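Next come the chains, spelled out residue by residue.
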Amino acid sequence: MSIAIAPARARSPWERAYRIATIAAAVQFGWVFFMGLLAGGQFLADEWPRWDPLAEWPVLAVPAWLTIAIGAVAAAAAIAMAVRREVTDEVGVAFQDLATGVLLLGLLPVGLARAYAGVGVPDGALGWHWIASLVFVVTLLALVVRVVRASRASRAPRAGRSS
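Residues numbered from 1 in each chain as written. Predicted model: local features only at pLDDT ≥ 70, side-chain atom pairs only at ≥ 80, totals over all residues. Heavy atoms only, no water.

Turning next to the overall build of the protein chain. The secondary structure content of the protein chain amounts to four helices and zero strands. For the protein chain, buried positions account for 35% of its 163 residues. Of the contacts made within the protein chain by residues no fewer than 6 positions apart, 71% connect residues no fewer than 24 positions apart. Counting every atom, the protein chain has about 10000 Å² of accessible surface; 69% of that belongs to carbon and sulfur. (Helix = DSSP H or I, 4+ residues; strand = E, 2+ residues; numbered from the N terminus. Buried < 20%, exposed > 50% of the residue type's maximum accessible area, 1.4 Å probe, protein only. Contact = heavy atoms within 4.5 Å. Areas by Shrake-Rupley, 256 points an atom, 1.4 Å probe, with all protein chains shown as cover.)

This is how it looks when you write it as structure tokens:
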């Protein structure tokens, strides 16, 4: 006998949009990692390659506008998920969305801004990717509201349930 754990399915287009945005952020992380490997293990502008690079760093930089757009889509979707009338009572799903958001939509833009410091901006200045972290503050607030609402909904008595 095996136990299969099914992933949480998006119940609304907003949940789907949020999860697609987090997947797009994860793809950005993978892209930066792959480009760093092609650049000989160089992931930051002030580093030297650790082995013979196949291409000069930055190979193909992630544009800041793309990171900011992904953050904006995630923020709009998170707000819609937080204010919609039919609330999920699955606290784990809401917390999972919060955790992936913190890692991929909050911390990743700061890392990208550090990785691309000096690329298209004055030397020593962070790249423009950090703006997506400011957008994430709105996302974070909406996701916290969603977790709290899901927690309350999971504790509320349901109709038809016997005591």
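Still more to cover.
With respect to the secondary-structure elements, Arg84 resides in the loop between α2 (64-83) and α3 (91-115). For Arg84, a relative accessible area of 12% corresponds to the buried category. Polar side-chain contacts of Arg84 include one of 3.0 Å to the side chain of Ser12. Within the structure, the side chain of Arg84 is placed 3.3 Å from the side chain of Glu15, a separation counted as a polar contact. Aside from chain neighbours lying at most four places away, what touches Arg84 is Ser12, Glu15 and Arg149. (Polar contact = N/O pair within 3.5 Å; in protein donor to acceptor, adjacent residues only side chain to side chain.)

A few words now on the pattern of salt bridges. Pairing between side chains of opposite charge can happen when the charged atoms of each approach one another. Taken as a whole, this structure holds five salt bridges when the rule is applied. Between Glu15 and Arg84 there is a salt bridge, with its nearest N and O atoms 3.3 Å apart. Taken as a pair, Glu15 in helix α1 (residues 13-38) and Arg84 in the loop between α2 and α3 lie far apart in primary sequence, 69 residues in all. Residue Asp97 pairs with Arg19 through a salt bridge whose shortest N-O separation is 3.2 Å. Of this pair, Asp97 sits in helix α3 while Arg19 sits in helix α1, placing them 78 residues apart in sequence. Across this residue pair, the class does not change: Asp97 and Arg19 are buried. A single network of salt bridges, built from pairs that share partners, joins Glu15, Arg19, Arg84, Asp97 and Arg146. (Salt bridge = Lys/Arg side-chain N within 4 Å of Asp/Glu carboxyl O.)

Purely geometric numbers; function is a separate question.
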